[in-house]
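# Reading the structure
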Amino acid sequence: MNPKRCAACKYLRRRCPKDCIFSPYFPPNDPAKFACIHRIYGAGNVSKMLQQLPDQTRAEAVESLCFEAKCRVDDPVYGCVGIIHLLQTQIQQTQNQLAKTQAEIAVAQTKFSQTHNSDFM
């Protein structure tokens, strides 16, 4: 076994060529990263996607694929959309709470100014 093989080539049980498309993005010390992506997308599809991208965007694409694959493993039905929906719901609840708090502050300020003004009369 060659210890320099990337996680993808180790997982696929093949030799890691010098020009391996996976080696810059799947280091040998993180085999779970490739396993998750392979489970959802397949090695061939990931290879094709990476080859179609410019070199400077591949690392970000791999991180995105990894995140999306982990989400899909955790929630096979909704994947990332489930997290997005949850976050949108939390944002809406927070905005509602903020509006309620601002209204309460406005009412309290009005009451304070009315009682403060009536004390001077």
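Bear in mind the structure is a predicted one, so any value in this text is a computation, not a measurement. (Residues numbered from 1 in each chain as written. Predicted model: local features only at pLDDT ≥ 70, side-chain atom pairs only at ≥ 80, totals over all residues. Heavy atoms only, no water.)

## What about the packing of aromatic side chains?
Aromatic ring pairs: the centre-centre distance and the angle between the two ring planes describe each pair. Inspection of every chain in the model, using the stated rule, returns 4 aromatic pairs. Summarising the aromatic geometry, the rings of Tyr 11 and Phe 34 are spaced 5.7 Å apart at their centres and angled 70 degrees between planes, so their arrangement reads as edge-to-face. With Tyr 11 in helix H1 (residues 7-12) and Phe 34 in helix H2 (residues 31-41), this residue pair connects regions lying 23 residues apart in the sequence. Residue class for Tyr 11 comes out partly exposed when judged on its relative accessible area of 41%. Put simply, the rings of Tyr 11, Phe 22, Phe 26 and Phe 34 pair up and form one aromatic cluster. (Phe/Tyr/Trp six-rings, centres within 6.5 Å; stacked < 30°, edge-to-face > 60°. Helix = DSSP H or I, 4+ residues; strand = E, 2+ residues; numbered from the N terminus. Buried < 20%, exposed > 50% of the residue type's maximum accessible area, 1.4 Å probe, protein only.)

## Some details on the UniProt feature "domain: LOB" (unreviewed entry) in the protein chain
According to UniProt, the feature "domain: LOB" (unreviewed entry) maps to residues 4-105 in the numbering used here. The span residues 4-105 shows a helical share of 72% and a strand share of 0%, and its end C-alpha atoms are spaced 63 Å apart. (UniProt positions renumbered as here; feature names shortened; annotations may be inferred.)

## Here we look at the UniProt feature "coiled-coil region" (unreviewed entry) in the protein chain
In the numbering used here, UniProt assigns the feature "coiled-coil region" (unreviewed entry) to residues 84-111. Counted over residues 84-111, helix gives 100% and strand 0%. Its end C-alpha atoms are 41 Å apart.

## Focus on the nonpolar core
Generally speaking, soluble globular proteins have nonpolar side chains that are buried together. Counting residues in each nonpolar core, the largest one holds 19 residues, and the members touching the most others are Phe 22, Phe 26, Phe 34, Ile 37 and Leu 50. Residue assignment for this core shows that the elements contributing at least two residues are H1, H2, helix H3 (43-52) and helix H4 (55-74). Of the residues forming this core, the biggest block, 4 residues, is contributed by H4. In contact with Leu 50, other than residues within four places in its own chain, are Ile 21, Phe 22, Tyr 25, Arg 58 and Val 62. (Core = buried A, V, L, I, M, F, W, Y, C linked by side-chain atoms within 4.5 Å. Contact = heavy atoms within 4.5 Å.)

## Description of the environment of Glu 60
Note on placement: Glu 60 falls in helix H4. In the structure, Glu 60 is positioned 22 residues away from His 38 in sequence and 17 Å away in space, judged by C-alpha atoms.

## Brief notes about the packing of H3 against H4
The geometry of H3 relative to H4 is characterised by a closest axis approach of 9 Å and an angle of 150 degrees between their N-to-C directions. Crossing of H3 over H4 shows right-handed handedness. Each of Val 46, Met 49, Leu 50 and Gln 51 in H3 lies in contact with H4, whose residues at this interface are Arg 58, Val 62 and Leu 65. Broken down by class, the residue content of the contact of H3 with H4 amounts to 5 nonpolar, 1 polar and 1 charged. (Axes fitted to C-alpha atoms, helices over the stretch in contact; angles between N-to-C directions. Left-handed = near helix turned anticlockwise from the far one by under 90°. Nonpolar A, V, L, I, M, F, W, Y, C, P; charged D, E, K, R; others polar.)

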